[in-house]
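# Per-entry structural report
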Protein chains: 4
Amino acid sequence: MFQSTTQVRVRYSETDQMGVVYHGNYAAFFEIGRTDALRDLGLTYKQFEEEGIMMPVLDLGFNFHSPAYYDDLLIIKTAIYDLPAIRSRFDYEIYNGNDKLITTGFATLVSVNMNTKRPCRSPVKLLEKLRPYFI
Amino acid sequence: MFQSTTQVRVRYSETDQMGVVYHGNYAAFFEIGRTDALRDLGLTYKQFEEEGIMMPVLDLGFNFHSPAYYDDLLIIKTAIYDLPAIRSRFDYEIYNGNDKLITTGFATLVSVNMNTKRPCRSPVKLLEKLRPYFI
Amino acid sequence: MFQSTTQVRVRYSETDQMGVVYHGNYAAFFEIGRTDALRDLGLTYKQFEEEGIMMPVLDLGFNFHSPAYYDDLLIIKTAIYDLPAIRSRFDYEIYNGNDKLITTGFATLVSVNMNTKRPCRSPVKLLEKLRPYFI
Amino acid sequence: MFQSTTQVRVRYSETDQMGVVYHGNYAAFFEIGRTDALRDLGLTYKQFEEEGIMMPVLDLGFNFHSPAYYDDLLIIKTAIYDLPAIRSRFDYEIYNGNDKLITTGFATLVSVNMNTKRPCRSPVKLLEKLRPYFI
């Protein structure tokens, strides 16, 4: 498996009138986890799009355990448990600064050839970088 | 069961550089579905908060079938298949103007007493209005 | 001059922990005003992009007079006081259901040829439709 | 005067179908500039709200000079040129990693007593920390 950890500080714009982070904003936090997981591998998602592969989200799930608050520094843990094929699955755990579990969830992405608009194998560079973690 | 249908027009701000609605924005579309389902019952979520019950989202799931585009008029179908207890589950189907299935999913909400911060029974008015649909 | 009126209902996701609409969301409300002003003229912004002209925002100003709240039905009044040239200016007034002034402001857009990435004249169709209002 | 510099990395969710950061998102970037300017002074906005003063935005202006792109690391420069009274004005410059000017603008905030809902003097702690910069 491959694991990566990053952080995000909660913005005022991300709170709602319950005084907590609006649940819909965790999709962007998961996306930050993915982006920084790739960065830890020496890759960027930008690079994939430049090479003609985009990776839209196919499905997405969230469990909200505890609320997060404005200005909290959240820890996002992103894990890949299976080597991506056409689909890539990312699993997430988000904690606050007191190690309290805030949100868990997952995202499944599908690799799509930007010219043909058809599903395709995950970017070669992604597989190369990930393979050592799955031996 | 209880069903309700509403519409939302895609904003430019809701697109991303793939040229489609950013997946994270569907959480707000589901929320519009809930708000308008309550309105169809002669209720408002605002009313629940004024009566001291808030209903945060506990879990949330999305399946993305087809992309939606800027200025599309989306049809949001919201269904309640079980009479709410402490938890209330809403199921969603979103279609575009050509009856193409865009996104399906669900949200589970939990009723919380705003004073005690403890889970509580769903708002009485919600149950009164829904009961006729579950006989 | 040309004037157009549209409506938007405040979403829960658009509130912040002050219990009011987050100020940053009014940019999207202005954009809804523009989109629906064009629709009133029998045009769509989508059409302009398909014809190779995009109209990014050049500058933007807001004055916040009164707060708006979750589930408020806001009235957006969009006005064009001068026939667009390379630049197009839109002026806005947003009211709530009690005719209370919520927000005023403006946006200046610049027409850009999507191939050359250079400023260009506003879309011909826009000028054709607007000209009768400026005689 | 007082100056502070912070950074923000552009999220995929912040792009639009023009392939650049959606203009409405700069309001949140300005807010990050404010939050981190206060942090540099040893303060948090959170603290002000806990002390019963909230500071809603009164007016807001943006000039968009160049687009920013997904995954860009933006530099936000926040300046206070006048010691706050009831109103506090923040001026902003946002640059990308190549020192290219992206966006400039300002925000005026008004201090409001959360009990009386009436304008009030800026938080005492804010004035104490800022005064040395205005001698």
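Preceding this section is the structure that the text describes.
First, a word on scope: everything that follows refers to the structure included in this document.

Rules and cut-offs
Residues numbered from 1 in each chain as written. Chains lettered and ligands numbered in written order. Predicted model: local features only at pLDDT ≥ 70, side-chain atom pairs only at ≥ 80, totals over all residues. Helix = DSSP H or I, 4+ residues; strand = E, 2+ residues; numbered from the N terminus. Rg over C-alpha atoms; globule rule 2.2 N^0.38 Å. Buried ≥ 20, exposed ≤ 12 C-beta atoms within 10 Å, placed from the backbone. Contact = placed C-beta atoms within 7 Å. Pairing = 2+ DSSP bridges. Axes fitted to C-alpha atoms, helices over the stretch in contact; angles between N-to-C directions. Least-squares fit on C-alpha atoms with pLDDT ≥ 70 in both. Nonpolar A, V, L, I, M, F, W, Y, C, P; charged D, E, K, R; others polar.

## Concerning the overall build of chain A
Along the backbone of chain A there are 3 helices and 7 strands. Its helices and strands taken in sequence order, chain A reads β-α-α-β-β-β-β-β-β-α from the N to the C terminus. Here chain A has a C-alpha radius of gyration of 16 Å; the compact-globule value for 135 residues is 14 Å, and the two agree. Principal axes of the C-alpha set define a box for chain A whose edges measure 45 × 30 × 20 Å. Within chain A, the fraction of its 135 residues that count as buried is 43%. Considering only contacts within chain A whose residues lie at least 6 apart along the sequence, 70% involve residues at least 24 apart.

## Digging into unusual backbone geometry
With phi around 60 degrees, B:K117 is a residue other than glycine that occupies positive phi space. Tracing the backbone through its elements, the reader meets B:K117 in the loop between β7 (112–113) and α3 (124–130). Even without being a glycine, D:D71 presents a positive backbone phi close to 75 degrees. Along the chain, D:D71 turns up in the loop between β3 (57–64) and β4 (73–80).

## Some points on the sheet that holds strand β1 (residues 2–9) of chain B
Read from one edge of the open sheet, 10 strands run β1(A)-β4(A)-β5(A)-β6(A)-β3(A)-β3(B)-β6(B)-β5(B)-β4(B)-β1(B), paired in antiparallel fashion. Edge strands, defined here as strands with exactly one partner in the open sheet, are β1 (2–9) of chain A together with β1 of chain B. Within the sheet, the average angular offset between the axes of one strand and its neighbour, ignoring direction, is 15 degrees. In this sheet, strand β6 (residues 101–110) of chain A lies alongside strand β3 (residues 57–64) of chain A in antiparallel orientation, the contact comprising 7 bridges. Residue A:F62 lies in a different strand from β6(A), and its bridge partner there is A:G105. Running at roughly 130 degrees to β1(A), helix α1 (residues 26–40) of chain A makes contact with β1, β3, β4 (73–80), β5 (87–95) and β6 of chain A of the sheet. The sheet contacts of helix α1 (residues 26–40) of chain B involve β1, β3 (57–64), β4 (73–80), β5 (87–95) and β6 (101–110) of chain B, and relative to β1(B) the element is tilted by about 130 degrees.

## Here's the deal with the relation of the copies chain B and chain A
Expressed as a screw transformation, the operator carrying chain B onto chain A has a rotation angle of 180 degrees and an axial translation of 0.0 Å, and the superposed copies differ by an RMSD of 0.0 Å. The symmetry that links the two subunits is that of a two-fold axis. Residue B:G61 of chain B places its C-alpha closer to the rotation axis than any other residue of that unit, at 2.2 Å. In this assembly the copies share their binding face: 100% of the residues contributing to the interface of chain B also contribute to that of chain A.

## A short note on the interface of chain B and chain D
The interface of chain B with chain D comprises 9 residues on the first partner and 9 residues on the second. Here the side of chain B that touches chain D is built from residues that sort into 3 nonpolar, 5 polar and 1 charged.

## Looking at the sheet that holds strand β4 (residues 73–80) of chain C
In spatial order, the strands read β1(C)-β4(C)-β5(C)-β6(C)-β3(C)-β3(D)-β6(D)-β5(D)-β4(D)-β1(D); together these 10 strands make up an open sheet with antiparallel pairing. Pairing within the sheet leaves two strands with one partner each, and these edge strands are β1 (2–9) of chain C together with β1 (2–9) of chain D. In this sheet, adjacent strand axes meet at a mean angle of 15 degrees when their direction is disregarded. In this sheet, strand β6 (residues 101–110) of chain C lies alongside strand β5 (residues 87–95) of chain C in antiparallel orientation, the contact comprising 9 bridges. The residue of β6(C) that forms the bridge with C:R87 is C:V110. Of the strands in this sheet, β1, β3 (57–64), β4, β5 and β6 of chain C touch helix α1 (residues 26–40) of chain C, which is tilted by about 130 degrees from β1(C). Relative to β1(D), helix α1 (residues 26–40) of chain D is tilted by about 130 degrees, and along the sheet it contacts β1, β3, β4, β5 (87–95) and β6 (101–110) of chain D.

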